[in-house]
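# Chains, contacts and geometry: an overview
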Amino acid sequence: EWDASKEIAQMDGEFQAGSSGWVKKHNALGGTFTITEVEPGRSWISESPLPLGRVIFDHIVEPAPGGQVRVAKSVEVEGGSAGLFRVLAAPRMRRDIDASLAALQRRAQAEQAAAQAEQERAEQGRAAPGPAGAQPQRRAGPPRRTPHVA
């Protein structure tokens with residue numbers, strides 16, 4: 001959902017080396033991919049076939065200073081159609097990758113802010129209780145009336 005360039009993406013099986021799937025970008029034909037390598041929590045590599053070649057996508061997720069995470073994606077094209085692919089598809093692919101990584105960053109920052117706010121609310125709820133037997137304080141203002149139903 002953070003990758004705005006993708007219309008549909010699905011995996012046929014677990015996320016592990018050897019699994020395959022299908023992806024369709026907006027305003028483009030769909031195609032298959034195969035996960036060729038996975039280092040859990042750190043990286044994965046997938047490949048998509050091209051006529052007379054293939055596209056290799058390398059995805060890296062690694063810790064960065066200050067509790068941040070660095071996400072990188074690189075693309076390599078191999079085979080007889082590599083030159084044509086680089087001319088026709090690479091510029092759009094670069095824009096799509098940049099936009100997707102920016103959207104991922106915004107989503108991660110929003111989730112981090114929400115988690116931090118939730119943690120702060122939880123900590124406020126665990127504030128030290130008053131003296132034993134103390135009753136909660138009522139707010140100032142007119143007395144509360146209990147509705148009467150006849």
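Here, the structure is the one placed above.
Residues numbered from 1 in each chain as written. Predicted model: local features only at pLDDT ≥ 70, side-chain atom pairs only at ≥ 80, totals over all residues. Heavy atoms only, no water.

### A few points about a nonpolar patch on the surface
What counts is decided by this rule: A patch is a set of surface residues, each over 30% in relative accessible area and not in a salt bridge, joined within 9 Å for like charges and within 5 Å for the nonpolar side chains Val, Leu, Ile, Met, Phe, Trp and Tyr. Using a 1.4 Å probe, the Shrake-Rupley method yields the accessible areas, and only the shown protein chains count as cover for residues. Salt bridges, as used here, are contacts in which a Lys or Arg side-chain nitrogen is within 4 Å of a carboxyl oxygen on Asp or Glu. Numbered from the N terminus, helices here are DSSP runs of H or I no shorter than four residues, and strands are runs of E no shorter than two.
A contiguous nonpolar surface patch, about 340 Å² in accessible area, is contributed by Leu-84, Val-87 and Leu-88. Within the fold, Val-87 resides in helix 1 (residues 82-88).

### As for helix 2 (residues 90-125)
As a reminder, the rule being used: Expected helix span is taken as 1.5 Å per residue step, with the number of steps being one fewer than the number of residues. Working definition: with a 1.4 Å probe on protein chains only, accessible area under 20% of the residue-type maximum means buried, over 50% means exposed, and in between means partly exposed. Whether two residues are in contact is decided by their heavy atoms: any pair within 4.5 Å suffices.
Here helix 2 is 36 residues long and its end C-alpha atoms lie 52 Å apart, about the 52 Å a rise of 1.5 Å per residue gives. Within helix 2, the full set of buried residues consists of Ala-90, Met-93, Asp-96, Ile-97, Ser-100 and Ala-103. Looking at the buried residues of helix 2, the elements they touch are strand 2 (20-25), strand 5 (53-64), strand 6 (68-79) and helix 1.

### Here's the deal with the environment of Gly-31
Tracing the sequence through the fold places Gly-31 in strand 3 (residues 30-39). Taking relative accessible area as the criterion, Gly-31 reaches 26% and is therefore assigned partly exposed. Separated by 22 residues in the primary sequence, Gly-31 and Ala-9 have C-alpha atoms spaced 9.7 Å apart. Look past the residues within four positions of Gly-31 in its chain and what remains in contact with it is Gly-21, Trp-22 and Val-23.

Everything listed here is a matter of geometry and, on its own, says nothing about what the molecule does.
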